[in-house]
Amino acid sequence: MNIINGKEIAAELRMQLKEKVEKLKEKNIHIGLAVIIVGDNPASRIYVNNKKKACAEVGIESFEYALPAETTQEELINLIEKLNNDKKVNGILVQLPVPKHIDDKAVINAISVKKDVDGFSHNNMGKLATGDYGLLPCTPAGIIYMLKHEGIQIAGKHCVVIGRSNIVGKPVSLLMLDENATVTICHSKTPNLKYHTLQADIIISAVGHAKLVTADMVKKGAVIVDVGMNKDENGKLCGDVDFENVAPKCSYITPVPGGVGPMTIAMLLNNTVKTCEQEN
Ligand code: GUN
């Protein structure tokens, strides 16, 4: 059994990005990422801080816009339009979720397609669906990067994705399909989840349910990718997978923390560098 070290793979990718950023700086090209956070969701605050820290590490300048929870949709969209036209800003990211009175789709689609470093806009998601890639959503792109980094074969394999969110489940299913996997998408209304997971060569779980995937649901030698970020009964951070009991059965598994999480941020930096390279 191999534990996929996302922390290490992400650090390696950040080093490569740092070199690219330095080369651009020599040409007097500076990369900037605008990070918008609305309200005071504690988890969002941690994610935003981690994203800013990662930017600093590779030499990308980050511009934080921390807006109060009462911010209107119009005010938020006005800010985005201003950033769309700001030459110092190569990427724009709105940390989700936004407060309930704001329509997140309207906000995401206000971001210029070229600066949509989360890849969540209709335009970039549409490109993903047709295999004509624009900017890819970070977590799904990070998962594919990790699997390839480990030399794990995807073509011809049966991949079972648990979860159908716009952020992970749907886009990662499309990417795996493009990599020639046979893809089954399961969700909260799927009867007999275990029937499906037992057939899987690769399981990607992205539901946010602690220890949903147990050892009896996993075929021997399967590859397990755990996207969950949950708290267990003792308040400790854990994924969707019962790691302790599942790990001995599989060929590869991603841990939580230190698996998919760091890859998501590395791919955000990768997208930001890409937008800058495309502009220049
Ligand atoms: N909330 C949870 N995951 C993400 C993400 O990848 N990007 C943004 N912007 N918000 C999120």
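Everything that follows concerns the structure shown earlier in this document.
Since the model is a prediction, treat every value here as computed from it, not as a measurement. (Residues numbered from 1 in each chain as written. Predicted model: local features only at pLDDT ≥ 70, side-chain atom pairs only at ≥ 80, totals over all residues. Heavy atoms only, no water.)

1. So, the pairing of strand β8 (residues 223–226)
Under the convention used in this document: Only protein chains enter the accessibility calculation, which uses a 1.4 Å probe; a residue whose area is less than 20% of its type maximum is buried, one above 50% is exposed, and one in between is partly exposed. Helix and strand labels come from DSSP, where a helix needs a run of H or I of at least four residues and a strand needs a run of E of at least two; each type is numbered from the N terminus. When DSSP finds two or more bridges between two strands, those strands count as paired.
By the alternation rule, side chains of β8 split into Val-223 and Val-225 and Ile-224 and Asp-226, which are all buried. Here four bridges tie strand β7 (residues 202–205) to β8, and the two strands are oriented parallel to one another. The partner of Ile-202 across the bridge, within β8, is Val-223. Pairing of β8 with strand β11 (residues 252–253), which is carried by two bridges, proceeds in the parallel orientation. Among the inter-strand pairings, Ile-224 is bridged to a residue of β11, identified as Ile-253.

2. Quick word on the site of the ligand
Applicable threshold: Proximity criterion: a residue is near a molecule or strand once any of its heavy atoms comes within 4 Å of it. Think of a polar contact as two N or O atoms within 3.5 Å of one another; within protein, one of them needs to be a possible hydrogen donor and the other a possible acceptor, and neighboring residues in sequence only count if both atoms come from side chains. Note on areas: Shrake-Rupley with a 1.4 Å probe; residue coverage comes only from the protein chains shown. Each residue gets one label: Ala, Val, Leu, Ile, Met, Phe, Trp, Tyr, Cys and Pro are nonpolar, Asp, Glu, Lys and Arg are charged, and the others, such as Gly, are polar.
Neighbouring the ligand are Lys-51, Leu-93, Val-94, Gln-95, Leu-96, Asp-118 and Phe-120. Gln-95 places a side-chain nitrogen or oxygen 3.3 Å from a nitrogen atom of the ligand. One of the backbone N or O atoms of Leu-96 is found 3.0 Å from a nitrogen atom in the ligand. For the ligand, the protein covers 82% of the area, taking 280 Å² as the surface of the free molecule. Of the residues in the shell around the ligand, the class split is four nonpolar, one polar and two charged.

3. Some thoughts on the packing of helix α2 (residues 42–58) against helix α10 (residues 260–279)
Rules: Only the contacting stretch of a helix is used when fitting its axis, a line to C-alpha atoms as for every element, and angles between N-to-C directions run 0 to 180 degrees. Each angle receives one of four descriptions, namely roughly parallel if under 35 degrees, roughly antiparallel if over 145, roughly perpendicular if within 65 to 115, and oblique otherwise. Whether a crossing is left-handed or right-handed is set by the direction in which the near helix is turned from the far one by less than a right angle, anticlockwise for left-handed and clockwise for right-handed. Contacts: residue pairs with any heavy atoms within 4.5 Å of one another.
Viewed as axis vectors pointing N to C, α2 and α10 meet at an angle of 55°, and their least axial separation amounts to 10 Å. By the angle between their directions, the pair α2 and α10 is classed as oblique. You can see that α2 and α10 cross each other, and the crossing is right-handed. Between α2 and α10, the contacting residues are Asn-50, Lys-51, Ala-54, Cys-55 and Val-58 on the first element and Ile-265, Leu-268 and Leu-269 on the second. Looking at the contact of α2 with α10 residue by residue, the class counts come to six nonpolar, one polar and one charged.

4. Let's talk about the nonpolar core
The following threshold applies: We call a set of buried residues a nonpolar core when its members are Ala, Val, Leu, Ile, Met, Phe, Trp, Tyr or Cys and they connect through side-chain atoms within 4.5 Å of each other.
Ranked by internal contacts, the top residues of the largest apolar core, which has 52 residues, are Leu-33, Ile-60, Ile-143, Leu-147, Met-176, Ile-204 and Val-227. For this core, the leading source of residues is α10, giving nine residues. Look past the residues within four positions of Ile-204 in its chain and what remains in contact with it is Ile-143, Cys-159, Val-160, Val-161, Ile-162, Val-172, Met-176, Val-225 and Val-227. The next biggest cluster of nonpolar side chains, apart from the first, holds 21 residues, and it includes Leu-79, Val-98, Val-107 and Ala-110.

5. Some points on the pattern of salt bridges
The line we're drawing: Just to be clear on terms, a salt bridge is a Lys or Arg side-chain nitrogen sitting within 4 Å of an Asp or Glu carboxyl oxygen.
Inspection of every chain in the model, using the stated rule, returns seven salt bridges. Close ionic contact of Glu-64 with Arg-45 constitutes a salt bridge, the shortest N to O distance being 3.0 Å. Of this pair, Glu-64 sits in strand β3 (residues 61–67) while Arg-45 sits in helix α2, and the two are 19 residues apart along the sequence. Take Arg-45: its relative accessible area is 28%, and that puts it in the partly exposed class.

6. Quick look at a nonpolar patch on the surface
The condition that has to hold: Patch definition: residues with relative accessible area over 30% and no salt bridge; like charges joined within 9 Å; nonpolar side chains (Val, Leu, Ile, Met, Phe, Trp, Tyr) joined within 5 Å.
Judged by side-chain polarity, Tyr-47, Met-229 and Leu-237 come together as a nonpolar surface patch covering roughly 250 Å² of accessible area. Tracing the backbone through its elements, the reader meets Tyr-47 in helix α2. Using a relative accessible area of 32% as the deciding quantity, one classes Tyr-47 as partly exposed.

7. A closer look at the sheet that holds β7
Read across the open sheet, the six strands follow the order β1-β11-β8-β7-β5-β6; overall the sheet is parallel. Looking at which strands have only one partner, the edges of the open sheet turn out to be β1 (2–3) and β6 (182–186).

8. Looking at the side chain of Asn-271
One can find Asn-271 in helix α10. Residue Asn-271 is classed as buried on the basis of its relative accessible area of 4%. In this structure the side chain of Asn-271 is engaged in a polar contact, spanning 2.9 Å, whose partner is the backbone oxygen of Leu-136. Those residues in contact with Asn-271 that sit more than four places away from it in its chain are Val-117, Leu-135, Leu-136 and Cys-138.

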